[in-house]
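So the chains spell out like this:
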Amino acid sequence: MYLLDISSWLTEERLRVLLEQYRTLGPLPGIGLTFMKSFVPPLPTIAIVGLNGAVYGLWLGFLYSWLGLVAGCAVTFLIIRKIASHPYLQKWARRPKVARSMTWVRQSGFSYVFLLSLFPVGPFVVINMAAGLAGMRLRSYLLAIGAGKAIMVFAVSYIGNDVQRFIRSPWEIIYVLLFIGLSLWCVKTIEARFARAAGGDPLHHE
């Protein structure tokens, strides 16, 4: 319930005000918000990354968003890997969605993490935690998450950096909607492919 309250309060306008208000702190607000994404799943990735691009500019916005997202994912991964033997986590790992993710990580960890990191929507918390529980190597995980997030963040930052263009030409918002829709479709397709390879059922998002 608390997470839902946070997600409903942190609208795009409030996020913009926060970034503008604390811009004197340099990169910390931009990095901090994207870092929190790994611990507060309802936070809107597209809105945060896009606003970083609008507030800090394309390249700095890209850098701050990428650093925050990768750092948050890495911390989550390392924490889960450290406490993987905890009874609660072992019980959580037996949930069908998590168990399937762990199977896919064990079979082709780099490809699975990299491909799903390319998109701004998806079960990122489950992916990070499953990779930690499955014992994926840190170097492989960082390479996969770093490369995938770099591509995704640049695409979203590019859109966010030129919001005025969409105000002048509202019809171009179609490209953004297509990007989000295509991302959702690709995530589902990739997961279905891994499910077939593992001999299981496609993973359905909650």
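Relevant structure appears above.
Cut-offs and rules
Residues numbered from 1 in each chain as written. Predicted model: local features only at pLDDT ≥ 70, side-chain atom pairs only at ≥ 80, totals over all residues. Heavy atoms only, no water. Helix = DSSP H or I, 4+ residues; strand = E, 2+ residues; numbered from the N terminus. Buried < 20%, exposed > 50% of the residue type's maximum accessible area, 1.4 Å probe, protein only. Contact = heavy atoms within 4.5 Å. Areas by Shrake-Rupley, 256 points an atom, 1.4 Å probe, with all protein chains shown as cover. Core = buried A, V, L, I, M, F, W, Y, C linked by side-chain atoms within 4.5 Å. Expected span 1.5 Å × (residues − 1). Polar contact = N/O pair within 3.5 Å; in protein donor to acceptor, adjacent residues only side chain to side chain. Patch = residues over 30% accessible without salt bridge, like charges linked within 9 Å, V, L, I, M, F, W, Y side chains within 5 Å. Salt bridge = Lys/Arg side-chain N within 4 Å of Asp/Glu carboxyl O. Phe/Tyr/Trp six-rings, centres within 6.5 Å; stacked < 30°, edge-to-face > 60°.

Engineer: Help me understand the overall build of the protein chain in this model?
Structural biologist: If you tally the helices and strands in the protein chain, you get eleven helices and zero strands. Its helices and strands in sequence order give the protein chain the pattern α-α-α-α-α-α-α-α-α-α-α, from N to C terminus. In the protein chain, buried positions account for 45% of the 206 residues. Expressed as a percentage of contacts within the protein chain between residues at least 6 apart in sequence, the contacts between residues at least 24 apart total 78%. About 11,000 Å² of surface is accessible on the protein chain, with carbon and sulfur atoms providing 67% of the total.

Engineer: Just to check I follow, could you spell out the nonpolar core for this structure?
Structural biologist: One finds Met102, Val113, Leu133, Met136 and Tyr141 to be the most contacted residues of the largest nonpolar core, which totals 31 residues. Elements that contribute at least two residues to this core include exactly helix 5 (58-82), helix 6 (87-93), helix 7 (96-117), helix 8 (124-133), helix 9 (138-161) and helix 11 (173-198). Leave out the neighbours within four places in its chain, and Tyr141 touches Cys73, Ala74, Phe77, Val113, Asn128, Ala131 and Met136. In terms of nonpolar packing, the next biggest core, distinct from the first, is built from nine residues, Val40, Ile48, Tyr56 and Tyr64 among them.

Engineer: What am I meant to see in the side chain of Thr76 here?
Structural biologist: The topology assignment puts Thr76 in helix 5. When its relative accessible area of 7% is taken as the criterion, Thr76 is described as buried. If we skip the residues at most four places from it in the chain, Thr76 touches Ser38, Phe39, Asn128 and Met129.

Engineer: Looking at this structure, how should I read the environment of Tyr158?
Structural biologist: Turning to its location among the elements, Tyr158 is positioned in helix 9. Along the primary structure Tyr158 and Leu58 are separated by 100 residues, whereas in three dimensions their C-alpha atoms are 6.1 Å apart.

Engineer: Please explain helix 9 as it appears in this structure.
Structural biologist: In an α-helix, one turn spans 3.6 residues; hence positions three or four apart end up facing the same way. The end-to-end C-alpha separation of helix 9 is 32 Å, in line with the 34 Å expected for 24 residues at 1.5 Å each. Taken residue by residue, helix 9 has Tyr141, Ala144, Ile145, Gly146, Gly148, Lys149, Met152, Val153, Val156, Ser157 and Gly160 as its buried positions.

Engineer: Looking at this structure, I do not really get the side chain of Ser101. What am I missing?
Structural biologist: Relative to the helices and strands, Ser101 is located in helix 7. In this structure the side chain of Ser101 is engaged in a polar contact, spanning 3.4 Å, whose partner is the side chain of Tyr112.

Engineer: Sorry, what's going on with a nonpolar patch on the surface here?
Structural biologist: A grouping of Phe39, Val75, Ile79 and Ile83 is seen on the molecular surface, where their side chains present a nonpolar patch of about 300 Å² in accessible area. Along the chain, Val75 falls in helix 5. Accessibility expressed as a relative area gives 31% for Val75, which makes it partly exposed.

Engineer: Would you mind going over the packing of aromatic side chains with me for this structure?
Structural biologist: Each aromatic ring pair is summarised here by two numbers: the centre-to-centre distance and the angle between the ring planes. Counting across every chain of the model gives seven aromatic pairs. Measuring from ring centre to ring centre gives 6.0 Å for Phe62 and Phe154, while their planes differ by 80 degrees; the resulting arrangement is edge-to-face. Placement of the pair is Phe62 in helix 5 and Phe154 in helix 9, with a sequence separation of 92 residues. The class for Phe62 is buried, based on a relative accessible area of 17%. Under the relative-accessibility criterion, Phe154 is labelled partly exposed at 31%. Centre to centre, the rings of Phe110 and Phe114 are 6.1 Å apart; their planes meet at 10 degrees, and the pair counts as stacked. Of this pair, Phe110 and Phe114 both sit in helix 7, four residues apart, which is roughly one turn of the helix. In this structure Phe110 comes out as partly exposed when scored by relative accessible area, which is 40%. Linked through ring pairs, Trp59, Phe62 and Phe154 together constitute an aromatic cluster.

Engineer: Would you take a moment to explain helix 8 for this structure?
Structural biologist: For helix 8, a buried count of nine out of ten residues is recorded, marking the element as mostly surrounded by other parts of the structure. Taken residue by residue, helix 8 has Phe124, Val126, Ile127, Asn128, Met129, Ala130, Ala131, Gly132 and Leu133 as its buried positions. Just past helix 8, the residue Gly135 takes up positive phi, approximately 75 degrees.

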